[in-house]
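Remarks on the overall topology
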Amino acid sequence: MRISVTVNGQTHVRDVEPRLLLVHFLRDELGLTGTHWGCDTSNCGVCVVQLDGVPVKSCTVLAVMADGHEVTTVEGLEKDGELDPVQQGFVQCHGLQCGFCTPGMLMTARWLLDRNPDPDEGEIREAISGQLCRCTGYENIVRSVRWAAENQEAKA
Amino acid sequence: MSTPMGFGRMHRKEDARFIRGRGGYVDDVQLPGMLYGAVLRSPHAHAWIRSVDTAAAEAHPKVRAVITGATLAGLNLDWMPTLSADTQAVLATDKVRFQGQEVAFVVAEDRYSARDALELIDVDYEPLDPVIDARTALDEGAPVIRDDQEGRTDNRIFDWEAGDRAAADAVFARAEVTVSQDMLYPRVHPAPLETCGAVADFDKVTGKLTVWCPTQAPHAHRTLYAMVAGLPEHKIRVISPDIGGGFGGKVGIYPGYVCAIVGSIVTGRPVKWMEDRSENLMSTAFARDYHMRGEVAATRDGRIQAIRVKVLADHGAFNGTAQPSKFPAGFFHVFTGSYDIQAAHCEVTGVYTNKAPGGVAYACSFRITEAVYLVERMIDVLAAELGADPAELRMKNLLRPEQFPYTTPTGWEYDSGDYQKTLQLAMDMAGYDALRREQAEKRARGEPMGIGISFFTEAVGAGPRKHMDILGLGMADGAELRVHPTGKAVLRVSCQTQGQGHETTFAQIVAAELGISPDDVEVVHGDTDQTPFGLGTYGSRSTPVSGAATAMVARKVRERARQVASAMLEASPQDLEWSVGESGGAWTVAGTGASRTIQEIALAAHSNLELPDGVEGHLDATCVYNPPNLTYPFGAYICVVDVDPGTGQVKVRRFVAVDDCGNRINPMIVEGQVHGGLADGVGMALMQLMAFDEEGNHLGASFMDYLLPTALECPSWELGETVTPSPHHPIGAKGVGESATVGSPAAVVNAVIDALAPYGVRHADMPLTPAAVWRAIQGDPIRTDLAIT
Ligand code: FES
Ligand code: FES
């Protein structure tokens, strides 16, 4: 099937198998390997991207379902050489170790702050509760998102 | 955060790529002409293979090769050695011995076609009775799993003991109080979010094999590939790229890696193989699975005198534990823990079962996790028997500072410790007395609340090569340090980070030793063509061994710099003093202001400066560090839980963790590692379980069934620290990566059992799921939801 998907502002037209997962479309077809894959059951959330501004697990979306839609991946967070505050927050607060869950966490954090610029700890935990991290015990991820909330204008 | 000239908090160098989605994990490797592999796995736990028909798969238009056990047998690669000197089938030829075992490998043009073709392979199995419950493995008439081994008539792998049985028995015979408790440390899996995989690229023209693989031990992999496949070792390059978590699960060599290599040799094209999550959970290294009986003898006033342990260890179908060869039960015999106990004895029997092989994987420091859990549970069982406060009982029996270095009754020499101080700090941070008062009030109202303590001592940094090797490879690590003419440095180390931040902390070690900025040090790791030999990152050994090698090689560089500085300053080398000031490291002529910075010396070392005879010039150095002993980090953990008696739901309300890992290179990174380990503890204690039914079907083969803690199950961790440097480590550090995973499960379980004490509960096995807790409250703490584990 021929699909046209806008990813990080750039439109890509490709012929794909109907069964192709969005995560594999992004990784294998477009070479955007920042979006990861980690489970067969939509549990881990390392594949989270934004589809029309809403976080989705790209392992649970077919590429053809993204036809005509806008996808934002971790590669699209940095704008004109400026890191998004959530990216800065993860560095500031040591919100990552192996980095495998990080892109998905960043995409959810961005969405959360867009809707709720001042989330408390409980709201942050709730927002990332569909995603796993095996390294950080979540503590510093929560702090990183808080840092971003407090430094929405931060430039880096 | 500014960059310190050495130790201290600094942001991680590796973050820049990860936050941009620019990490390079194995599945990100794309090579021209690359093919994709997929593994066909056994649906049975135990069955004869009558035939494997691959004709239809081979006829698939996108399939380029189908490899079976028979193909491999032709290459003498159907079996491979495990890390415990057993053998493991790469692709089964005779029998399958666990559900999920590798049977065939398909190589195709793309991922999806490879999977499609698996369905076209027809395997004729003749099912056999499996051995699933380790407690029946040695029964008369139990099916013999490893009939591939000549002369084998049972499922016993080893009997092993440590300590002094007679001494322990003598103390027990006259003890005022004895307690005994059976407990299971159930099978769990480390489940890093990145599964295992490999990209193999064999170049027929040059004969060079390159393998990208998220291995925690790239050099050991290279040597084993050379030994097993007969490939010349200098023609093998193992690249361990960014790793999405390891935790011990990425130490060993899995059949899929070998298949990818064979696939590339057979097709002449690069082959990528990535397992999916259920393959990862079903077939890669599990951890624990120790059935333990602990016994403690004590005086009535609570002085512990002896401890005895009996263990039945389930090793699965192949003995594949990754641990030093001379230690079949890992370092389990540190089970006297942090206590002053005169007599100790343990015996461990290892058995085969029809489950996946593995054994120590999961941040366990070679089975110290099981040992700590055992002794810390036993202390609470004794406290319950004596009606003593568990904190007081620990205080009374902990080793005292003046006893260090301390040799345990099972032969370990603890390097340093100041245990009471650490426990007291944890109690102060938690507000222990206030918590006990709150608990009493709640109990009066029928609200179960529990306070659990765990005190652990770890033995990490394997290890002294005369005692420790893996398949004959000694556990010393090399390091190379180059200092360029402008004073910038490149460090090459053998260990490999899986998130521990070596690119930052190892640069900090060099920085501290040479008085330069960590920003001026590049750390190269994870590529066997670019780094010196060493055994890798697991068992919390990177800082104790490779970190020590880094400090020592930097000191060598410093000494070489002294020679050059002496020529520059026209002073005798003995008259020079090293110092690190505001502007960095420098050699100064004692008693004068005449001085040269390390950067000035580096330039001179590469210049036309006339050097005395015997001084080579350049500053580069190499070294190999053979640790004189292990390091012994320790800590005190206190967990507070609330239990809903109606549902059995446990809420971890607080968790206080005081760790002593000696000197901290980067406290931010240490704390991060502790956080992760504490989450593991909550997960293992309350949620995680690899269960099987009677037929050997895996009941935890996805993240829907194998539950891992999310941000909602984890409290906000409260950390404290004490610092008792290791006396024998060059920078006084001890290693911390696994401390929290080792120490925390016992604190959580002790807290839950403490909460359930009013119901007469003295023990219940992990995981303490709502169902398990509810049953314990009903007086049935034995797990019945799982036929067998
Ligand atoms: S890959 Fe695990 S949720 Fe998408
Ligand atoms: S940083 Fe490793 S999984 Fe989150």
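Residues numbered from 1 in each chain as written. Chains lettered and ligands numbered in written order. Predicted model: local features only at pLDDT ≥ 70, side-chain atom pairs only at ≥ 80, totals over all residues. Heavy atoms only, no water.

With that settled, consider the overall build of chain A. Scanning chain A from terminus to terminus reveals five helices and five strands. Over its C-alpha atoms chain A spans a radius of gyration of 15 Å, differing by no more than 12% from the 15 Å that the globule rule assigns to 156 residues. Along the three orthogonal principal directions, the C-alpha set of chain A runs to about 45 × 35 × 25 Å. Taken across its 156 residues, chain A has 60% of its residues classed as buried. Considering only contacts within chain A whose residues lie at least 6 apart along the sequence, 59% involve residues at least 24 apart. If the 13 positive side-chain charges of chain A are averaged to one point and the 22 negative ones to another, these points end up 3 Å apart. (Helix = DSSP H or I, 4+ residues; strand = E, 2+ residues; numbered from the N terminus. Rg over C-alpha atoms; globule rule 2.2 N^0.38 Å. Buried < 20%, exposed > 50% of the residue type's maximum accessible area, 1.4 Å probe, protein only. Contact = heavy atoms within 4.5 Å. Lys, Arg positive; Asp, Glu negative; His and termini not counted. Charge placed at Lys NZ, Arg CZ, Asp CG, Glu CD.)

Glancing now at the nonpolar core. Phe331, Phe332 and Leu686 of chain B are the most contacted members of the largest nonpolar core, which has 208 residues in total. Formed by 38 residues, the second largest nonpolar core is a distinct cluster that contains Val483, Ala489, Leu514 and Cys623 of chain B. (Core = buried A, V, L, I, M, F, W, Y, C linked by side-chain atoms within 4.5 Å.)

All names here are of chain B. We note that the domain assignment places domain 1 (31–128 + 194–244 + 250–283), domain 2 (286–462 + 629–777) and domain 3 (476–625) within chain B. On a C-alpha basis, the centres of domain 1 and domain 3 stand 41 Å from each other. The interface is formed by 17 residues belonging to domain 1 together with 17 residues belonging to domain 3. Here domain 1 and domain 3 share an interface that buries about 1300 Å² over both sides, 49% of which is from carbon and sulfur atoms. By the criterion of area lost to domain 3, the three top residues of domain 1 are Gln216, His219 and Arg237, representing 44% of everything that side buries. (Domains from an automatic or database assignment. Buried area = accessible area lost by both parts, 1.4 Å probe.)

To continue, consider the pattern of salt bridges. Residues and elements named next belong to chain B. The tally for this structure, following the rule as stated, stands at 77 salt bridges over all chains. One salt bridge connects Asp110 with Lys62, and the closest N-O pair in it is separated by 3.7 Å. Of the two residues, Asp110 is situated in the loop between strand 7 (102–108) and helix 4 (111–118) and Lys62 in the loop between helix 2 (55–59) and strand 3 (63–68); the sequence distance between them amounts to 48 residues. By relative accessible area, Lys62 is classed as partly exposed at 39%. A salt bridge links Arg115 to Glu279, with the shortest nitrogen-to-oxygen separation between them at 2.9 Å. In this pair, Arg115 sits in helix 4 while Glu279 sits in helix 8 (residues 277–283), placing the two residues 164 residues apart along the sequence. Relative accessible area serves as the criterion here: at 5%, Glu279 is assigned to the buried category. Each of Asp86, Asp94, Lys95, Arg97, Arg146, Asp147 and Asp148 takes part in salt bridges that share partners, so that together they form one network. (Salt bridge = Lys/Arg side-chain N within 4 Å of Asp/Glu carboxyl O.)

Below, the discussion takes up the sheet that holds strand 1 (residues 35–41) of chain B. All names here are of chain B. Ordered by their spatial adjacency, seven strands build an open sheet running 3-7-1-14-11-12-13, and the pairing between neighbours is mixed. On the outer flanks of this sheet lie strand 3 and strand 13 (236–239), each paired with one strand and no other. Strand-to-strand twist across the sheet, computed as the mean angle between neighbouring axes with direction ignored, equals 20 degrees. By the bridge criterion, four bridges tie strand 11 (residues 197–203) to strand 14 (residues 271–274) in an arrangement that is antiparallel. (Pairing = 2+ DSSP bridges. Axes fitted to C-alpha atoms, helices over the stretch in contact; angles between N-to-C directions.)

Moving on: the interface of chain B and chain A. Between chain B and chain A, the contact holds 55 residues from the first and 49 residues from the second. Around 4300 Å² of area is buried between chain B and chain A when both sides are counted, 55% of it from carbon and sulfur atoms. Counting the surface chain B buries against chain A, the share from its top three residues, Ile19, Tyr112 and Leu193 of chain B, is 19%. Summed over the shared surface of chain B and chain A, the result is six salt bridges. Counting across the interface, chain B meets chain A through 28 residue pairs in polar contact (both at pLDDT 80 or more). Of all the elements in the fold, those that place two or more residues in the side of chain B that touches chain A are helix 1 (15–18), helix 4, helix 8 and helix 16 (667–686) of chain B. (Polar contact = N/O pair within 3.5 Å; in protein donor to acceptor, adjacent residues only side chain to side chain.)

So, on to the sheet that holds strand 6 (residues 95–96) of chain B. All names here are of chain B. Pairing within the open sheet is antiparallel, and its three strands lie in the order 6-2-8. The open sheet terminates on both sides in strands that have one partner only, identified here as strand 6 and strand 8 (122–127). Bridging between strand 2 (residues 47–53) and strand 8 involves six bridges; their strand directions are antiparallel. In the strand pairing of strand 8, Ile49 is matched with Tyr125.

Helical geometry: 3.6 residues make up each α-helical turn, so side chains three or four residues apart lie on a common side. Residues and elements named next belong to chain B. With 12 residues, helix 11 (residues 419–430) extends 17 Å from end C-alpha to end C-alpha; this agrees with the ideal 16 Å at 1.5 Å per step. Along helix 11, the positions that sit buried rather than exposed are Tyr419, Gln420, Thr422, Leu423, Ala426, Met427 and Ala430. Down the axis of helix 11, the buried set is contained in an arc of 165 degrees. They therefore lie on one face. Elements that come into contact with the buried residues of helix 11 comprise helix 10 (390–397), strand 21 (413–414), helix 12 (432–444), strand 22 (449–457), strand 32 (634–643) and strand 33 (650–660). (Expected span 1.5 Å × (residues − 1). Arc of directions from axis to C-beta.)

Residue and element names in this part refer to chain B. On the surface, Asp53, Glu58, Asp122 and Asp124 cluster together to form a negatively charged patch. Along the polypeptide, Asp53 turns up in strand 2. Taking relative accessible area as the criterion, Asp53 reaches 39% and is therefore assigned partly exposed. (Patch = residues over 30% accessible without salt bridge, like charges linked within 9 Å, V, L, I, M, F, W, Y side chains within 5 Å. Areas by Shrake-Rupley, 256 points an atom, 1.4 Å probe, with all protein chains shown as cover.)

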